[in-house]
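Here is how the chains run, residue by residue.
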Amino acid sequence: MAYAASGVCAALMLPTSPPPAPGTVSTRPASTAMRGDLFEALDRLDSAPSAMLGSAISVAGTWTPASSDELATVSRRVVSCCAADAVDVGFDVRLSQYSRVAAGTWVRVDGIVGERVVDGDVRFVLEQSRVRGLEDDVKIAR
Amino acid sequence: MAAPAIAGMLLPVASHIDARDAAGRIGTVFAWWSSIVLASLPYVTLGAIFASIRELLPQRCARIVALAAIVAPGCDCASAGYASAFVRESPALAGFVLVWSSAAGPAALLATYNALGEHLLLARLAGAVAAATLTAAMWSFDRCGARAEDRRACHRRHEPAEPLCGRLASALGALAVSASFATVALTIFGHNAVLSSPMIAAAGGALMSPCSTADAVIARVLVHRSPSQIAFVLAAQTIDIRQLATFARVFGARRCALAAVAGAAGCAVGALCAT
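Residues numbered from 1 in each chain as written. Chains lettered and ligands numbered in written order. Predicted model: local features only at pLDDT ≥ 70, side-chain atom pairs only at ≥ 80, totals over all residues.

Draft legend 1. Just the overall build of chain A, in detail. Looking only at helices and strands, chain A features 3 helices and 5 strands. Counted from the first residue to the last, chain A has its helices and strands arranged as α-α-α-β-β-β-β-β. For the C-alpha atoms alone, the extent of chain A along its principal axes is close to 65 × 35 × 30 Å. Within chain A, the proportion of its 142 residues that are buried is 34%. For chain A, the share of sequence-separated contacts (at least 6 apart) that also reach a separation of at least 24 residues comes to 56%. (Helix = DSSP H or I, 4+ residues; strand = E, 2+ residues; numbered from the N terminus. Buried ≥ 20, exposed ≤ 12 C-beta atoms within 10 Å, placed from the backbone. Contact = placed C-beta atoms within 7 Å.)

Draft legend 2. Representation of the overall build of chain B within the structure. The helix and strand tally for chain B stands at 14 helices and 0 strands. For chain B, the sequential pattern of α-helices and β-strands runs α-α-α-α-α-α-α-α-α-α-α-α-α-α. Sequence-distant contacts in chain B: of pairs separated by 6 or more residues, those separated by 24 or more amount to 83%.

Draft legend 3. Representation of the sheet that holds strand β5 (residues 121–133) of chain A in the model. All names here are of chain A. An order of β1-β2-β3-β5-β4 is seen for the 5 strands of this closed barrel, with the pairing classed as mixed. Looking at each pair of strands side by side, their axes are set apart by 55 degrees on average, direction ignored. Note that strand β1 (residues 56–64) and strand β2 (residues 72–78) share 3 bridges and pair antiparallel. In the strand pairing of β2, Thr62 is matched with Ser75. Along the sheet, helix α2 (residues 37–47) contacts β1, β2, β3 (87–95) and β5; its crossing angle with β1, the most-contacted strand, is approximately 120 degrees. (Pairing = 2+ DSSP bridges. Axes fitted to C-alpha atoms, helices over the stretch in contact; angles between N-to-C directions.)

Draft legend 4. Quick look at the pairing of β5 of chain A. Residues and elements named next belong to chain A. Bridge analysis of β3 against β5 gives 3 bridges, and the strand direction is parallel. Across the sheet, Leu95 pairs through a bridge with Ser129, a residue of β5. For strand β4 (residues 106–118) and β5, the ladder comprises 11 bridges, and the chain directions are antiparallel. Looking across to β5, one finds that Arg108 is bridged to Arg132. Here β4 folds back onto β5 in antiparallel fashion, the turn holding 2 residues, of which Asp119 has a positive phi close to 50 degrees.

Draft legend 5. Representation of the packing of helix α6 (residues 106–116) of chain B against helix α7 (residues 118–140) of chain B within the structure. All names here are of chain B. Close contact between α6 and α7 brings their axes to 7 Å; oriented N to C, the two are set at 145 degrees. The chirality of how α6 crosses α7 is right-handed. Residues Leu109, Thr112, Tyr113 and Leu116 of α6 lie in contact with α7, whose contacting residues are Glu118, Leu120, Leu121 and Arg124. (Left-handed = near helix turned anticlockwise from the far one by under 90°.)

Draft legend 6. Representation of the environment of Val129 of chain B. Residues and elements named next belong to chain B. Examined against the element boundaries, Val129 turns out to sit in helix α7. Assessed through the 18 C-beta atoms surrounding it within 10 Å, Val129 is described here as partly exposed. For the pair Val129 and Ala103, spaced 26 residues apart in the sequence, the C-alpha separation amounts to 9.0 Å.

Draft legend 7. Region of interest: the nonpolar core. Counting 113 residues, the largest nonpolar core has Val87 of chain A together with Ala131, Val217, Ala231, Phe232, Leu234 and Ala235 of chain B as its most contacted members. When residues in this core are grouped by element, the largest group, 12 residues, is from α7 of chain B. The contacts of Ala231 of chain B, once residues within four sequence positions are left out, are Pro198, Ala201, Ala202, Cys267, Gly270 and Ala271 of chain B. (Core = buried A, V, L, I, M, F, W, Y, C linked by C-beta atoms within 7 Å.)

Draft legend 8. Main features of helix α11 (residues 215–222) of chain B. Within α11 of chain B, 8 of the 8 residues are buried, which leaves it mostly tucked inside the rest of the structure. Among the residues making up α11 of chain B, those that are buried are Asp215, Ala216, Val217, Ile218, Ala219, Arg220, Val221 and Leu222 of chain B. Lining the buried residues of α11 of chain B we find β2 and β3 of chain A together with α6, α10 (198–208) and α12 (226–238) of chain B.

Draft legend 9. Structural view of the interface of chain A and chain B. Facing the 26 residues of chain A at the interface are 28 residues of chain B. Of the residues assigned to the side of chain A that touches chain B, the class counts are 17 nonpolar, 6 polar and 3 charged. (Nonpolar A, V, L, I, M, F, W, Y, C, P; charged D, E, K, R; others polar.)

Draft legend 10. Up close: the packing of α7 of chain B against α12 of chain B. Residue and element names in this part refer to chain B. Where α7 meets α12, the axes come as close as 10 Å, and the angle between the chain directions of the two elements is 45 degrees. Here α12 runs oblique to α7, going by the angle between their axes. α7 and α12 meet at a crossing whose hand is right-handed. Here Leu120, Ala123, Arg124, Gly127, Ala128 and Ala131 of α7 come into contact with α12, specifically with Ser226, Gln229, Ile230, Val233, Leu234 and Thr238. (Parallel < 35°, antiparallel > 145°, perpendicular 65-115°, else oblique.)

Structure follows, in structure tokens:
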């Protein structure tokens, strides 16, 4: 009975929504086996960055709003084994005009590929971007 | 009287803590720990069942079954369940099979090919061969460990075979502890660390202890140079807390230390091949 009660208590402590991936969004590709415009864009950037920089692309992913010290991001999660091994990959986003989008919204972002250096690490950013929701009930305030 | 005094001392601290944020953070960390344990559970269970079946087989068939562990698909966590099946085998066979199945299992090799490409797949194989072979050689020539093993084997010969539940409980307990260490490393460092040199990448892999099917993906995202990527994935399977805890529990601290040295050498070989 004690073991069963402990198990129930432990299960109740688990969050009802997926836990965040350990770490921030990475702008590096994860695997060649992943399918989707965002993954393919990251793969092309990794193999030939100079060919992609300055070009306009459109990617779909999960939106994370900007914070005081981080740009907004559009990303997709790669889970190979368990939640603790999950990584978020995608792009930093600079919007051409302010849009209020809730965190976790499935969106499409159109922008021009650029790069910036953060703490000695090169990150790819979508400049002059426009975001639009891909779900019926998504409202985006501009 | 003590309660108000303690509450009074905690008030200045409480004003700096956002209780909701702290509760959310604790829930996230617990979710990571639970995901490691729950994802490993089926493989550890299968490994323990495999070890129990091996006990019932005659010695010649048992060796063939043991070698099947090399090609067993799925997570390397299964070795926590079936490591005890190799106690009665020769040290060389035990060392080689357990290190190889963790570092170069079929699922791990496929994930490495997809994430890192053919060249780094070959580097991973080279590092795994080096680590497994060195472990086999070191355990084979370890005379002090052999005497301790003889004493354990003699003791076990007069005992009934360990029941499945006991074997499983032991493996899961060790898994829960090693998952705790991995969760602490994730909480402190996350996947934000920039693992530049092969040595730092190997330390990161050993601490984070990701699954063998996930280490290549994490390496590609976190680590930028090929030698560091291979050092990360090999360390994550040969000198990680989960693997070393299994060796210490089943084969003793001395053989665990020898396996760690062999694993480090395998990481160096893999990094050199990836250059």
